[in-house]
Amino acid sequence: MKIKVTDKPYEEVINLPKMKALKPKKQSALARGILNLASGGEIKAVNFKYEEIGMEKLGKDEPALFLMNHSSFTDLCICARMLKDRQYHIITTNDGFVGKAGLMQFIGCIPTKKFITEIGLIKDMQYTFETLKSSILMFPEASYSFDGSETPLPLSLGKLIKKMRIPVVIIKTTGAYLRDPLYNNLQKRKADVFSTVTYRITPEMSDTLSVDEINDILASDFRYDHFRDQVKRGVKISEAFRADGLERPLYKCPCCKKEGTMLGKGITIKCNSCGFEAELTEKGTLKYLRLPAGEDLKPVAEFMYVPDWYAWERECVKEELVNGSYEMTFDCDILMLADFNSMYRVGEGTLTHNCEGFKLTGCDGKLDYAQKPKASYSLYADYFWYEIGDMVSVGNTKYQYYCFPKDQKGAIVAKARLAAEELYKLS
């Protein structure tokens, strides 16, 4: 999928008319039928099945908040099939509306800014529940999983559920990440997908549970590890490109500890500095093939699973933050989102991330934006975003800046996300 991009000077973009709020429109049976029909090919390809637990307690037309883990674009096809007989609206990142706002409203999408607090979204959700009498589908992780395990949930979610007193249904999907992991350059693999749909929190429960207790329930329900599950279910991913792009989440060598020297290609990932090499096996485990010589190059551990390696990288980032040594700086091309007509390519700049937060400068000195660590609990970072490239996004309720590193191998967007999450906890 691609996105409309227009070259426009920064000074013109900031003077464009303010982005208009789009009020949710009632979703029609025709829209649901079109979504279901368009999803048919993917649904058949993944041999999709699902199981319902306790759903008989939810009325056929009773609005509910559906919360789903987010692994790949296949998730949207799954929802179109499971919810085809129920009116629902999808909370969608606002860049998804660019160039097709009318269509997105027609199929029932509600725009929001990722990892940016918006009062307007709460009002849109209330309007959808109370006036349109419609359910809402939300991916509370907000971004696809980088490593095949869960990403942080916003702590405000429990407060929202308690305030709105709405039934909560959890959709947990298995196999969608194996089908189309974000790191793998949109190359789809053969993998069956199934889901469980569970009526989890009744309005009466939200009256008695505390916000923390609701958040604990959600955190537990959203815990997953697609690679361990692959081994448990005996699923084989035999495609010869399964490790392509694996250096995106696994960017730090466990032997020489260098960053940005890893390369995932074919079925292996290797370090171009010390020669370390490992295979991503068909069953989803890592197998070390080559270790460099030297006592100081012994691996920190023999990571059997991708999420374990990624967790080690998180601890390394946290250590850098605690001792004050963390800093990432890269030159980038800058796109801006100011309305739904187009993304605007406004020029070049430099993005710096350190213990003080983000600093973006550029556009011949006209752009100077700073973002503190407390601004968000996570970071909008993506691989091969709309087929343009790896990306880090910062911004506020007025403007969002999408930064594409000029050195796509040297700049590590996964590390930036890990650092943003850990820095938020520390701050």
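Residues numbered from 1 in each chain as written. Predicted model: local features only at pLDDT ≥ 70, side-chain atom pairs only at ≥ 80, totals over all residues. Heavy atoms only, no water.

Peer 1: How should the nonpolar core be read in this particular structure?
Peer 2: Generally speaking, a soluble globular protein has its nonpolar side chains buried in company with each other. Of all hydrophobic cores here, the largest spans 69 residues; its most connected members are Phe-276, Trp-309, Leu-360, Val-392 and Tyr-401. Setting aside chain neighbours within four positions, we find Leu-360 in contact with Cys-332, Ile-334, Thr-350, Leu-351, Leu-367, Asp-368, Tyr-369, Val-394, Tyr-401 and Cys-403. The next biggest cluster of nonpolar side chains, apart from the first, holds 31 residues, and it includes Ile-90, Ile-107, Phe-139 and Ala-176. (Core = buried A, V, L, I, M, F, W, Y, C linked by side-chain atoms within 4.5 Å. Buried < 20%, exposed > 50% of the residue type's maximum accessible area, 1.4 Å probe, protein only. Contact = heavy atoms within 4.5 Å.)

Peer 1: Explanation requested: the sheet that holds strand E10 (residues 268-271) in the structure shown.
Peer 2: Working definition: the strands of a sheet are paired by backbone hydrogen bonds and lie parallel or antiparallel to each other. Overall, antiparallel pairing links the four strands, which are arranged E9-E10-E11-E12 in an open sheet. Since the sheet does not close on itself, it has two edges, and those belong to strand E9 (262-265) and strand E12 (286-290), each with one partner. Each strand axis lies, on average, 25° off the axis of its neighbour in the sheet, ignoring direction. Bridging between strand E11 (residues 277-280) and E12 involves four bridges; their strand directions are antiparallel. Within the sheet, the bridge partner assigned to Leu-280 lies in E12 and is Leu-286. (Pairing = 2+ DSSP bridges. Helix = DSSP H or I, 4+ residues; strand = E, 2+ residues; numbered from the N terminus. Axes fitted to C-alpha atoms, helices over the stretch in contact; angles between N-to-C directions.)

Peer 1: How do you make sense of the packing of helix H7 (residues 156-164) against helix H10 (residues 211-221) when you look at a structure like this?
Peer 2: Between two packed helices, what matters for the description is the angle formed by their axes and the separation of those axes. Where H7 contacts H10, the two axes come as close as 8 Å, and the packing angle between them is 115°. The pairing of H7 with H10 is recorded here as roughly perpendicular in orientation. As for how H7 packs across H10, the hand of that crossing is right-handed. Along the contact surface, H7 presents Leu-157, Gly-158, Lys-159, Ile-161 and Lys-162, while H10 presents Val-211, Ile-214, Asn-215 and Leu-218. When grouped by side-chain class, the residues that make up the contact of H7 with H10 number five nonpolar, two polar and two charged. (Parallel < 35°, antiparallel > 145°, perpendicular 65-115°, else oblique. Left-handed = near helix turned anticlockwise from the far one by under 90°. Nonpolar A, V, L, I, M, F, W, Y, C, P; charged D, E, K, R; others polar.)

Peer 1: Just checking my understanding: could you explain the environment of Leu-157 for this structure?
Peer 2: Note that Leu-157 resides in helix H7. When residues no more than four places from it in sequence are discounted, the contact partners of Leu-157 are Leu-67, Met-138, Pro-140, Asn-215 and Leu-218.

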